[in-house]
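Residue strings, one per chain:
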Amino acid sequence: MPIDNRFLTYIAPLTELLLPCEPIETILENSRIVVIATKKPGAILTCPCCGKVGSPRGLAQPRLIRHLDFENMPVWVNVTFPRVYCPEHGHVVAKQNFCKPRCRISKAFEDLLLEMICGTDQTEMELKKQFQLKGQALARIVDRARQQLEKSTVDGFQTVDKEMKD
Ligand SMILES: [Zn+2]
């Protein structure tokens, strides 16, 4: 796909978010964008449990993670996270902040969905359609949004919580 200034603006924060990986290729396929990312050469790899620097131990299985749209086009990141060996915690996937373990959406995308669920009148169906989401991903986020609202002790949030339960 043509790499123009708008896309460079999009990918700059993604490069930070993906550490210790980096985007290496961008593919336009079936009206979605797939960014391929793998370990950044020389990146320091740490244990996700204790934060200590571990010794590199190859790569984990690639994962396809949904990230923030680029101009109404869904963006998926096919990321191969590196693995490390920690004397205390064994062989583990190196610490990264892009997405939660076993989660198929990026933290940034999850935050956006949470914001829209809590802050707008859009229904689950409308959000699903807008972001071309399939399966249970959105349902799980809606559940988490409700839990967050329930935990909150702010009066305004409690009102919203009651409304959402009805
Ligand atoms: Zn450790």
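Structural data are supplied above this passage.
Heads up: these notes are all about the structure in this document. (Residues numbered from 1 in each chain as written. Predicted model: local features only at pLDDT ≥ 70, side-chain atom pairs only at ≥ 80, totals over all residues.)

Counted at 1.5 Å a residue, the expected span for helix H2 (residues 107-119) with its 13 residues is 18 Å, and the 18 Å between its end C-alpha atoms agrees. Looking only at H2, the buried set comprises Phe109, Leu113 and Ile117. Looking down the long axis of H2, one finds its buried residues gathered within 70 degrees of arc, a one-sided arrangement. Projecting away from the buried face of H2 at angles above 90 degrees are the exposed residues Glu115 and Gly119. On its buried face, H2 sits against strand E4 (63-70), helix H3 (124-130) and helix H4 (137-151). (Helix = DSSP H or I, 4+ residues; strand = E, 2+ residues; numbered from the N terminus. Expected span 1.5 Å × (residues − 1). Buried ≥ 20, exposed ≤ 12 C-beta atoms within 10 Å, placed from the backbone. Arc of directions from axis to C-beta. Contact = placed C-beta atoms within 7 Å.)

Before going further, it helps to examine the packing of H2 against H4. Running from N to C, H2 and H4 point in directions that differ by 65 degrees, and their axes come no closer than 10 Å. Judged by the sense of rotation from one axis to the other, the crossing of H2 with H4 is right-handed. From H2, Glu110, Leu113, Leu114, Ile117 and Cys118 reach across to H4, where they touch Leu138, Ile141, Val142, Ala145 and Leu149. (Axes fitted to C-alpha atoms, helices over the stretch in contact; angles between N-to-C directions. Left-handed = near helix turned anticlockwise from the far one by under 90°.)

Two elements, strand E6 (residues 82-86) and strand E7 (residues 90-93), share four bridges in a ladder whose sense is antiparallel. Following the sheet pairing, Cys86 is matched in E7 by Gly90. Counting the residues between successive antiparallel strands, the hairpin from E6 to E7 contains three residues. (Pairing = 2+ DSSP bridges.)

Looking now at the pairing of strand E2 (residues 32-39). Where strand E1 (residues 21-29) and E2 come together, eight bridges link them in antiparallel fashion. Residue pairing across strands places Leu28 opposite Ile33, the latter belonging to E2. The antiparallel hairpin formed by E1 and E2 contains two residues in its connecting segment, where Asn30 sits at a positive phi of about 45 degrees. By the bridge criterion, five bridges tie E2 to strand E5 (residues 73-79) in an arrangement that is parallel. Its bridge partner lying in E5, Ile33 is registered against Val75.

This paragraph deals with the sheet that holds E6. Strands sit in the order E3-E6-E7 across an open sheet of three strands; the sheet is antiparallel. The sheet terminates laterally at strand E3 (55-59) and E7, the two strands that pair on one side only. Each adjacent strand pair in this sheet contributes to an overall mean axis angle of 35 degrees, direction not counted.

On to the sheet that holds E4, then. Note on sheets: strands pair through backbone hydrogen bonds, and any given pair is parallel or antiparallel. Taking strand neighbours across the sheet as the criterion, the four strands line up as E1-E2-E5-E4 in an open arrangement whose pairing is mixed. Every other strand in the sheet has two partners, leaving E1 and E4 as the edge strands with one partner each. Looking at each pair of strands side by side, their axes are set apart by 25 degrees on average, direction ignored. Packed on one face of the sheet, helix H1 (residues 5-17) meets E1 and E4 and runs near 140 degrees to E1.

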